[in-house]
Structure formats: structure tokens, C-alpha cells
Amino acid sequence: MFLHRQELQFKATPDKPDAVYARKLQEVLGGQYGEITVAMQYMFQGWNMHTPGKYRDLVFGIASEEIGHVEMLATMIAQLLEKAPLGVTKDALQDDPTVAAVIGGTDIQQAVVAGAGARPVDSMGNPWQGSYVTASGNLLADFTANANAEMQGRTQVARLYHMTDDPGVRDLLSFLLARDTMHQNMWLAAAEELKEAGAEKLPVPSNFPQNKEFTEVSYQYLNFSDGAEAGAGRWASGPTPDGNGEFTYHEGPTTSAPMPPPTHPDSRFYGTTELPNTMEKAAGLAQDTLHKE
């Protein structure tokens, strides 16, 4: 059940309209690491969770907060667009208003499609995609992905903070930065608690038997670059974070296998092979005659 209360978690009012900045702000609303993504990601993780309890309560609680962040950003964007001009001023490029709008850095569809409002898109106008959502059902994998999403989102908000001097916009961004700080730490703490409780551990998924993987390379750093310093890292020697092995370093690959022979798909796919064209054509006719599907 969802209940909408017509108030905001934090104030979202700019000091002045700014249609160009409204477009920039779309990134943290409808971009890959925007608020729509994390809201839907946490919701689907909760809906897909196999056990009730504190972890499901956690994701549903934060998902609901993130929906509120979507609303705050959409509200801010609408206000930034409130006094956006309908056309092109006398000093602008009057021969082509579309070009003038593009040069001005505004989002034409915020005006034409949304009537001076926010849209579920990123700063380039690309529609928000459900493929941005990570909800695997494995909580350690998901919580780690959540921490990454909050890190990426906070990085983008920090960049946007320096792209405006509007005190009202900066107030909202400072609040979002603070909540991203909490959420990064929260997801990392939840991941650690999963491991401490023995519910999940590295490598994910931890309940897949490691003896079924090719263990010779399970903890081996294979250097496929001509960079000279990769072997000096923590990942090249010493105990592994999962506690199941020791890192080793190897210059280049340790395994190789011959290429398999070329494939020969059904002739009616009309792919080019090393076989003569007449042979391919005859094979296709024969397959049709024999009703080979």
C-alpha cells in the first residue's frame, strides 16, 4: 500500500528560474544513477526478497524515501522552468528557434512535451530504463550494487553543486549529498552484517561450491596489460578478502585453447561461409524440400 502525503522531505525551491540548469538536474532524476533508478531498484529488491525481516524492512524504507527524492527533484525542475521563455528573444537566433534553444542548453521537450515540467529522462533526453535496476535476489550482490549506485549518484550531485550558485538549489543538493552519505555507509554496513551473520559471504554466490570452478585461476591476477605496476597491488599477493585463498600474480595468461572450427549455420540464414555459394544454395533447396525446420 502506498499513501502520498503532499509535502516534501526537504525544501525544493530555487531562488530564480534557470531552464538550462533544469536540464542538467534531469541527470540525477532520470539518469542511470538517478533517483528513479535507486527508488525502483530498492523496491524490486524488496519485492524479490525471499525472507522477511530487517533487510526487507530496510530496502522498502529507503525505497520509499527515494520516491520522495524523485518528487523533490521533479518539483525543483518544474520551478526552474517556471518562467522559461516560450519562444526566442529578439537577441537570440531568430532564424531557427530550435537551434537557438539547443545552443542555449535547454531541453526542448521539457517545454514541448512536459509543458515546462520534469520528465523521466536523463540530461540528454534519453528515457529512463528499467535495465538500470539491479535486483538479483542475492542480498550481498544487491547491497554492494546499492552502495555503488549511491556513490555514483553522490558524485554526480557533487558536480551539479558546483554548476550553480543558486542558494535554493544548493540547499536541496546539500540535503541529497547528506542522504547519499548515509546510504553509502548504510549499504556497506548491511553487506558486512550479512557476512558476519553467515547469511552471505564472498565469493558471491557463496553457496555455489568452489570446487566446481576452475580453481587454478580463482585467485590469480593475470596481467593482460603492458602496465608495469599491477603486480604491486594488494590484489596480486597475500590473503584474499574471502579468506579462501592467497593471491598470486602472473604475467599474461596461464591458459590457452585452440579456436574451434568455423560454424556452419543453416544455409537459409544466408551467412557467408568458406563453402562455395552454389553449395550453400543447393543445401538450402534440399532443406526446404525435406521440410527441415
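Higher on the page you've got the structure.
Figured I'd write up the structure that's included with this text. Quantities reported herein were computed from a predicted structural model and do not represent experimental measurements.

## Thoughts on the overall build of the protein
Assigned secondary structure in the protein consists of 9 helices and 3 strands. Ordered by position from the N terminus, the helices and strands of the protein form the series α-α-α-α-α-α-α-α-β-β-β-α. Taken over the C-alpha trace, the protein has a radius of gyration of 27 Å; the compact-globule value for 293 residues is 19 Å, which it surpasses by more than 25%. For the C-alpha atoms alone, the extent of the protein along its principal axes is close to 70 × 60 × 50 Å. When the 293 residues of the protein are sorted by exposure, 32% land in the buried category. Residue pairs at least 24 apart in sequence account for 72% of intrachain contacts in the protein once pairs closer than 6 positions are excluded. Accessible surface computed for the protein: about 18,200 Å², of which carbon and sulfur atoms make up 57%. The distance from the centre of the 21 positive side-chain charges to the centre of the 37 negative ones in the protein is 4 Å.

## Examining the side chain of Gln 41
Turning to its location among the elements, Gln 41 is positioned in helix H3 (residues 35-47). A distance of 3.0 Å separates a polar atom in the side chain of Gln 41 from the backbone nitrogen of Thr 134. Dropping the residues within four chain positions of it, Gln 41 is found in contact with Tyr 132, Val 133, Thr 134, Ala 135, Ala 145, Asn 146 and Ala 149.

## Considerations on the pattern of salt bridges
By the definition in use, this model includes 6 salt bridges. A salt bridge links Glu 65 to Arg 179; the nearest nitrogen and oxygen atoms lie 2.7 Å apart. Linking Glu 65 in helix H4 (residues 54-80) with Arg 179 in helix H8 (residues 167-196), this pair joins segments that are 114 residues apart in sequence. For Glu 65, a relative accessible area of 12% gives the class buried. Exposure remark for Arg 179: the relative accessible area of 23% places this residue in the partly exposed category. Note that Arg 119 is salt-bridged to Asp 107, the shortest N-O span being 3.9 Å. Note that Arg 119 is positioned in the loop between helix H6 (108-112) and helix H7 (139-161) and Asp 107 in the loop between helix H5 (97-104) and H6, a separation of 12 residues in sequence. With respect to burial, Arg 119 and Asp 107 carry one shared label: buried.

## Some remarks on unusual backbone geometry
The linkage connecting Leu 202 with the following residue, Pro 203, adopts the cis geometry, with an omega of -10 degrees. Structurally, Pro 203 can be placed in the loop between H8 and strand S1 (220-223). Of note, the bond from Val 204 into Pro 205 is cis; its omega dihedral lies within 30 degrees of zero at -10 degrees. Looking at the secondary structure, you find Pro 205 in the loop between H8 and S1. A positive phi is found at Ala 116, a non-glycine position, where the angle reads about 65 degrees.

## Notes on the nonpolar core
In this structure, Leu 25 and Leu 173 are the most contacted members of the largest nonpolar core, which totals 22 residues. Counting only elements with at least two residues in this core, the list comes to helix H1 (19-25), helix H2 (27-30), H4, H7 and H8. Those residues in contact with Leu 25 that sit more than four places away from it in its chain are Leu 73, Met 76, Ile 77, Leu 80, Leu 160 and Leu 173. Judged by nonpolar contacts, the second largest core, of 19 residues, contains Tyr 42, Phe 143, Ala 149 and Trp 187.

## So, the side chain of Glu 35
With respect to the helices, strands and loops of the structure, Glu 35 is situated in helix H3. Apart from the residues within four sequence positions on either side, Glu 35 is in contact with Val 28, Leu 29, Glu 66, His 69, Val 70, Leu 73 and Leu 176.

## What about H3?
With 13 residues, H3 extends 18 Å from end C-alpha to end C-alpha; this agrees with the ideal 18 Å at 1.5 Å per step. Across the 13 residues that make up H3, a large majority, 10, are buried. Buried residues along H3 sit in contact with H2, H4, H7 and H8.

## Describing a nonpolar patch on the surface
A cluster of nonpolar side chains, namely Phe 2, Phe 44, Trp 47 and Ile 67, defines an oily patch on the protein surface of about 430 Å² accessible area. Here Trp 47 is to be found in helix H3. Of the residues examined, Trp 47 reaches a relative accessible area of 46% and is grouped as partly exposed.

## Brief notes about the sheet that holds S1
Across the sheet, which stays open at both edges, the 3 strands sit in the order S1-S3-S2 with mixed pairing between neighbours. Each edge of the open sheet is held by one strand with a lone partner, namely S1 and strand S2 (238-239). Where S1 and strand S3 (residues 246-251) come together, 4 bridges link them in parallel fashion. Among the inter-strand pairings, Asn 223 is bridged to a residue of S3, identified as Glu 251.

Rules used in this analysis
Residues numbered from 1 in each chain as written. Predicted model: local features only at pLDDT ≥ 70, side-chain atom pairs only at ≥ 80, totals over all residues. Heavy atoms only, no water. Helix = DSSP H or I, 4+ residues; strand = E, 2+ residues; numbered from the N terminus. Rg over C-alpha atoms; globule rule 2.2 N^0.38 Å. Buried < 20%, exposed > 50% of the residue type's maximum accessible area, 1.4 Å probe, protein only. Contact = heavy atoms within 4.5 Å. Areas by Shrake-Rupley, 256 points an atom, 1.4 Å probe, with all protein chains shown as cover. Lys, Arg positive; Asp, Glu negative; His and termini not counted. Charge placed at Lys NZ, Arg CZ, Asp CG, Glu CD. Polar contact = N/O pair within 3.5 Å; in protein donor to acceptor, adjacent residues only side chain to side chain. Salt bridge = Lys/Arg side-chain N within 4 Å of Asp/Glu carboxyl O. Core = buried A, V, L, I, M, F, W, Y, C linked by side-chain atoms within 4.5 Å. Expected span 1.5 Å × (residues − 1). Patch = residues over 30% accessible without salt bridge, like charges linked within 9 Å, V, L, I, M, F, W, Y side chains within 5 Å. Pairing = 2+ DSSP bridges.

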